[in-house]
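So you can see what is in the structure, the chains are spelled out below.
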Amino acid sequence: MFVLVVLLVIPALSADWLAPHDPIRGSIPDRLKPPVFFGGTWEFALGTDRLGRDILSRIMHGAKVSLSISIAGILAGGVLGTALGLIAGYFRGLADAIIMRLVDITMALPSILLALVLAVTVGPSFQTIIVVVTFVLWALYARQVRGEVLSIRERDFVARARVAGASDLRIIVRHILPNAANTIIVLATLQVGSVILLEAGLSFLGVGIPRPTPAWGLMVADGRQLIVSAWWIAFFPGLAITLTVFALNLLGDWMRDRLDPRLKEV
Amino acid sequence: MKRYLVIRSLQSLLALLAISVIAFAMSHLTGSPVDAMLPDDAGPEEAARLTKLWGLDLPLYEQYFVFLGNALQGNFGDSIKWQGQTAFGLVLERLPATIQLGGFAIIVSTIIALPVGVLAAVYKDTPFDSAGKLVALLGQAMPNFWLGIVLIWIFAVHLHWLPTSGRGGFSHMILPAIAMGWFQVAAFMRLTRSAMLEVLDSEYIKLARIKGVPERRVIWVHALKNAAIAPLTYFGVIAGSIFTGSVVIETVFAWPGTGLLAIDAIRGRDFPVIQAVVVTFAGVFIVANLIVDTLYAYLDPRIRYQ
Amino acid sequence: MRSPSERPALEVRDLETRIDTKLGLIKAVDGVSFSVEHGETLGIVGESGSGKSIAALSILRLVPKPSAYIARGQVLLDGEDLLEKSENEMRKVRGKRISMILQDPQTSLNPVFSIGFQVVEAIGMHADAPRKTLVQRAVEALRRVRVADPERRVDDFPHQMSGGMKQRVVGAIALGSFPSVLIADEPTTALDVTIQAQYLRLLKDIQQETGLSIIFITHDFGVVARMCDKVAVMYAGRVVEYGPVRAIFNSPAHPYTKALLNSVPAVEEDVDRLYSIKGQPPAFWDMPKGCRFEPRCDVAMERCKTEYPAKLAKAATASGGHYADCWALEEPEWIPSRS
Ligand SMILES: Nc1ncnc2c1ncn2[C@@H]1O[C@H](COP(=O)(O)OP(=O)(O)OP(=O)(O)O)[C@@H](O)[C@H]1O
Ligand code: SF4
Ligand SMILES: [Mg+2]
């Protein structure tokens, strides 16, 4: 499992040096070359697309795109959701009521469709996707963290800190946050895979990453029409998504079992 | 229970209202919708006339209430792309196809996931459980659009067993339903399994066995009715995600439903249709959740008798 | 009054139950023997983790699957060995001939089924009668355990009842088919003190009416004194002392029993108090070769370290056998006392 994750992270970090070819500029004479073992050569191990771009190189660069989007999106959604969850759980009352209603509403919205709409109205871009991911994720964190805070704030050390005259901010940052950290970390790890899937889906529909950036979902979309004659164009990027998400989900499950076994499976 | 359902309904209404605000805001985010409606050579007088006609000179909140009033009557205006059709009419026309495919996918995935999840818990740590886990992990890792393409490639293009795309007989539904449902099967199965494991370990299951209840009944009646509560809360999410998933799947399989309509409308910047689709999807999603809440109350007497 | 039946209602002989735990295979019940006569109550006492519950579940062949299994021994119900029976035959024993009450009434009842459903099901498992009759019998069973207004209560759900009331329902489930043996695994530990007393009284009354044999598992020697005729003291998977309740109270033979008796709280004290014997029981996966109590025993000898003590008769004077696993009983200067 770790091997798988490492195998994913290395090409993502080093695509600029390791990738054998330019991911964006192709060479027309080399177009639609099949993968090695299917009549191709090692030169283009996973074949080339319609514009003669090397699939392997594009997949490696695509890893960078996928990972950076999901990490940025999870950070943004996680920070926002955690902050609101802390406020709701710690102060209770009106703030709690409002935040939890917002959570309910967010969770009741068909988020992918809103993502589509947003992408269309403000145009597809890296930033749009981050906003979409943030919107989809924050409610989950808020709800989970709030639940955690509710139980933590009843514990002795919080009462002691309060008696000792610590400010609310200090109690939250020094006492409550560290105790909720496991939940947050596990949740984040469990989310990486699904965020990659979300980004790939949006890119596939043409409302995610704009061309010609090598995003996996886009590559599958590009290869879709050629599935009969040049199957490798769509097949390998999709396989890359599958393996990546598979490995990340395993990692997430493992982290949950280690750090926070009470967190329910989904 | 009445109280509980009333609260849930009110919450749903609130969510629907939020959706309508978003749908309304959508058409104003990209500038005046008039631009989209005008022919390229129209002069400013024409634009002013349309602005007046559509009430776009009113304050924003008044415009919203007009929009809301119209939306409540199913009036989202005329489609820009499909001349001569109303936006809501188009959605209604395409909805049955989506419900057919989505419903089929939900039913099939439930029929598969529930028993497999139960048996995986009963036969924990056996090869059956491991196989189930692998299928689930795969289902949660494969992007549905890619799975759809690969299925077409194998079963339609190579083997010629099933049609590649379009709506037709039963055989047309099989591939899209698999592509759509596998992820749900995975999620549903894992939830059922973990809920069952927890329940099977409980004292009341021990007591049922002590009473002499046969093991089969212990599992499928005593344990399952408890364990079903957890996956059921997730069922609304599943139903919703099947609907949103239809956007992708209908594109891949050229299935003429609302998902495909949505994508076509988005590509053609046909805002009335997009608004109609968003509000309709949200409505369906919310109704599905309300049904789930009702079922939930039925299953769990602790809620029923609140 | 003991019934003069020639055969015990239930007899357990040399029972061994193993559990495959994360830390290795343990013998949670390691060669345990005891018996209950008709209409008699046997108490099983011992610290937490000594194997009481596993022994009880072994009788019903309901040890946690798949990690636990019964390795050897006999469980004789009216002379029939239950360990020889098929799973199907066992089902006809459970609830019908041997029943059990679990510790925590809050979790023993299924939250999604009505009280009526759960009692009716228990009775219906062993009776071929129309539903109407079964409901009638369920109402009667509830009345026998003194649930007020049982006709109305059958439609209630567990969460609508108090803990004491739930434990009565569990009693009705257990006794609905008139079993001859009832195993009560700490049935009152989770209840309030006053409710506890009522419940014990109820069990005693039902026993008097029906000639039920009871195996009463508890932490509490005070309860043993009120309820039991005989006592088996368990320590680390074994019965270390066994005998009539009076003999055990008046002249405990095993140093462990004495320590337990010394830690019995006075009546007016809170009964929840834990034993305060110095040290910890040995870990199952790391058992001493000799006497298992040796590390905590005040009167240990050299021999105790290397050899497990034989079962030694304490006194021929007491009625029935009074045995203990302790080398000190062989020593001539042994003075029976409450230490
Ligand atoms: N399901 C299980 N899996 C692994 N080990 C178990 C299991 N159930 C019991 N054990 C172990 O078997 C031993 C005996 O447990 P048992 O429940 O019989 O103790 P007990 O005497 O009933 O204790 P208590 O008074 O706390 O109920 C303990 O060491 C316990 O850790
Ligand atoms: S056998 Fe020895 S160690 Fe064990 S209880 Fe008796 S005296 Fe103590
Ligand atoms: Mg126990």
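Residues numbered from 1 in each chain as written. Chains lettered and ligands numbered in written order. Predicted model: local features only at pLDDT ≥ 70, side-chain atom pairs only at ≥ 80, totals over all residues. Heavy atoms only, no water.

## Here's the deal with the site of ligand 1
All names here are of chain C.
Turning to step 1, where the next piece is worked out: Ligand 1 sits among 15 residues. The nearest are Ser48, Gly49, Lys52, Ser53 and Ile54.
Turning to step 2, where the next piece is worked out: At a separation of 3.1 Å, an oxygen atom of ligand 1 approaches a polar backbone atom of glycine 51.
Turning to step 3, where the next piece is worked out: Within the side chain of serine 53, a nitrogen or oxygen atom sits 2.7 Å from an oxygen atom of ligand 1.
Turning to step 4, where the next piece is worked out: Looking at the shell around ligand 1, the elements that each hand over two or more residues are strand S1 (10-21) and helix H1 (52-59).
Turning to step 5, where the next piece is worked out: A per-element tally of the shell around ligand 1 places H1 first, with three residues.
Turning to step 6, where the next piece is worked out: In terms of residue class, the shell around ligand 1 is built from five nonpolar, seven polar and three charged. (Near = heavy atom within 4 Å. Polar contact = N/O pair within 3.5 Å; in protein donor to acceptor, adjacent residues only side chain to side chain. Helix = DSSP H or I, 4+ residues; strand = E, 2+ residues; numbered from the N terminus. Nonpolar A, V, L, I, M, F, W, Y, C, P; charged D, E, K, R; others polar.)

## Things to note about the site of ligand 2
Turning to step 1, where the next piece is worked out: Contacts to ligand 2 come from His254(C), Pro255(C), Cys291(C), Glu294(C), Cys297(C), Val299(C), Ala300(C), Cys304(C), Pro309(C), Cys326(C) and Trp327(C).
Turning to step 2, where the next piece is worked out: For the shell around ligand 2, a count of residues per class yields nine nonpolar, one polar and one charged.

## Description of a nonpolar patch on the surface
Turning to step 1, where the next piece is worked out: Where nonpolar side chains cluster on the molecular surface, the patch consists of Val287(B), Ile291(B), Leu295(B) and Tyr298(B) and spans about 400 Å² of accessible area.
Turning to step 2, where the next piece is worked out: Structurally, the position occupied by Leu295(B) is in helix H13 (residues 271-299). (Patch = residues over 30% accessible without salt bridge, like charges linked within 9 Å, V, L, I, M, F, W, Y side chains within 5 Å. Areas by Shrake-Rupley, 256 points an atom, 1.4 Å probe, with all protein chains shown as cover. Salt bridge = Lys/Arg side-chain N within 4 Å of Asp/Glu carboxyl O.)

## Observations concerning the sheet that holds S1(C)
Residues and elements named next belong to chain C.
Turning to step 1, where the next piece is worked out: Taken in spatial order, the four strands of this open sheet run S2-S1-S4-S5, and their pairing is antiparallel. Every interior strand has two partners, whereas the edge strands, strand S2 (24-36) and strand S5 (80-81), have only one.
Turning to step 2, where the next piece is worked out: Inspection of the sheet shows S1 paired to S2 by 10 bridges, in the antiparallel sense. Its bridge partner being in S2, threonine 17 is matched across the sheet by valine 29.
Turning to step 3, where the next piece is worked out: Sitting on the sheet, H1 touches S1, S2 and strand S4 (68-77), and the angle it makes with S1 is about 115 degrees. (Pairing = 2+ DSSP bridges. Contact = heavy atoms within 4.5 Å. Axes fitted to C-alpha atoms, helices over the stretch in contact; angles between N-to-C directions.)

## Some words on the arrangement of the chains
Turning to step 1, where the next piece is worked out: Pairwise contact counts over the two pairs of chains in contact peak for chains A and B.
Turning to step 2, where the next piece is worked out: A gap remains between chain A and chain C, with no contact made and the closest C-alpha atoms lying 16 Å from each other.

## So, the interface of chain B and chain A
Turning to step 1, where the next piece is worked out: Listed by partner, the interface residues are 46 residues for chain B and 41 residues for chain A.
Turning to step 2, where the next piece is worked out: Here chain B meets chain A over a buried area of about 4000 Å², counting both sides, of which 78% is carbon and sulfur.
Turning to step 3, where the next piece is worked out: Looking at the side of chain B facing chain A, the largest losses of area belong to Phe145(B), Trp146(B) and Trp153(B), adding up to 16% of the total buried there.
Turning to step 4, where the next piece is worked out: Where chain B packs against chain A, one counts one salt bridge.
Turning to step 5, where the next piece is worked out: Put simply, Asp253(A) and Arg190(B) hold a salt bridge, and the shortest N to O gap is 2.7 Å.
Turning to step 6, where the next piece is worked out: One can count five residue pairs in polar contact (both at pLDDT 80 or more) joining chain B with chain A.
Turning to step 7, where the next piece is worked out: Counting only elements with at least two residues in the side of chain B that touches chain A, the list comes to helix H1 (2-29), helix H6 (127-141), helix H7 (144-158), helix H8 (171-200), helix H11 (229-253), helix H12 (258-267) and H13 of chain B.
Turning to step 8, where the next piece is worked out: Partitioning the side of chain B that touches chain A into residue classes produces 35 nonpolar, six polar and five charged. (Buried area = accessible area lost by both parts, 1.4 Å probe.)

## A few points about unusual backbone geometry
Negative phi is the rule for most residues except glycine; trans is the rule for most peptide bonds.
Turning to step 1, where the next piece is worked out: For the bond running from Lys65(C) to Pro66(C), omega is -5 degrees, close enough to zero to count as cis.
Turning to step 2, where the next piece is worked out: The topology assignment puts Pro66(C) in the loop between H1 and S4.
Turning to step 3, where the next piece is worked out: With a phi angle near 50 degrees, Ala254(B) is a residue other than glycine that sits in the positive phi range.
Turning to step 4, where the next piece is worked out: Relative to the assigned elements, Ala254(B) resides in the loop between H11 and H12.
Turning to step 5, where the next piece is worked out: In the Ramachandran plot, Asp149(C) falls in the positive-phi region, its phi being about 55 degrees despite a non-glycine side chain.
Turning to step 6, where the next piece is worked out: Here Asp149(C) shows up in the loop between helix H5 (131-144) and helix H6 (150-153).

## Observations concerning the environment of Lys132(C)
Turning to step 1, where the next piece is worked out: Here Lys132(C) shows up in helix H5.
Turning to step 2, where the next piece is worked out: When the C-alpha atoms of Lys132(C) and Val120(C) are compared, they prove to be 9.8 Å apart, with 12 residues separating the residues in sequence.

## Section: the packing of H7(B) against H11(B)
Residue and element names in this part refer to chain B.
Turning to step 1, where the next piece is worked out: Relative orientation of the contacting elements H7 and H11 amounts to 25 degrees, with a least axis distance of 9 Å. In terms of orientation, H7 and H11 fall into the roughly parallel class. The chirality of how H7 crosses H11 is right-handed. In this structure, H7 uses Asn144, Phe145, Gly148, Ile149 and Ile152 to contact H11, whose residues at the interface are Val248, Ile249, Val252 and Phe253.
Turning to step 2, where the next piece is worked out: Residues of the contact of H7 with H11, tallied by class, amount to seven nonpolar, two polar and no charged. (Parallel < 35°, antiparallel > 145°, perpendicular 65-115°, else oblique. Left-handed = near helix turned anticlockwise from the far one by under 90°.)

## Looking at the packing of helix H9 (residues 232-259) of chain A against H6(B)
Turning to step 1, where the next piece is worked out: Two numbers describe how H9(A) lies on H6(B): the axes approach to 8 Å, and their chain directions differ by 120 degrees. In terms of axis orientation, H9(A) runs oblique to H6(B). Considering only the axes of H9(A) and H6(B), their crossing is right-handed. Residues Ile241(A), Thr242(A), Val245(A), Phe246(A), Asn249(A), Leu250(A) and Asp253(A) of H9(A) pack against Leu134(B), Leu137(B), Leu138(B), Gln140(B) and Ala141(B) of H6(B).

## Structural notes on the packing of aromatic side chains
The geometry of two aromatic rings is summed up by the distance between their centres and the angle between their planes.
Turning to step 1, where the next piece is worked out: This structure, assessed with the given rule, holds 19 aromatic pairs over all chains.
Turning to step 2, where the next piece is worked out: Aromatic pair Trp231(A) and Trp153(B): ring centres 5.3 Å apart, planes at 20 degrees, arrangement stacked. Here Trp231(A), found in the loop between helix H8 (216-224) and H9, pairs with Trp153(B), found in helix H7, and the two come from separate chains. Neither residue differs from the other here; Trp231(A) and Trp153(B) are each classed as buried. (Phe/Tyr/Trp six-rings, centres within 6.5 Å; stacked < 30°, edge-to-face > 60°. Buried < 20%, exposed > 50% of the residue type's maximum accessible area, 1.4 Å probe, protein only.)

## Overview of helix H5 (residues 87-122) of chain B
Turning to step 1, where the next piece is worked out: For H5(B), which comprises 36 residues, the first-to-last C-alpha distance of 50 Å matches the rise-based estimate of 52 Å (1.5 Å per residue) to within 8%.
Turning to step 2, where the next piece is worked out: Maximal helix bending in H5(B) amounts to about 35 degrees, located at Arg94(B); proline Pro96(B) follows within four positions. (Expected span 1.5 Å × (residues − 1). Bend = angle between axes of the 7 residues up to and from the residue.)

Read these as layout, nothing more, since geometry by itself doesn't imply function.
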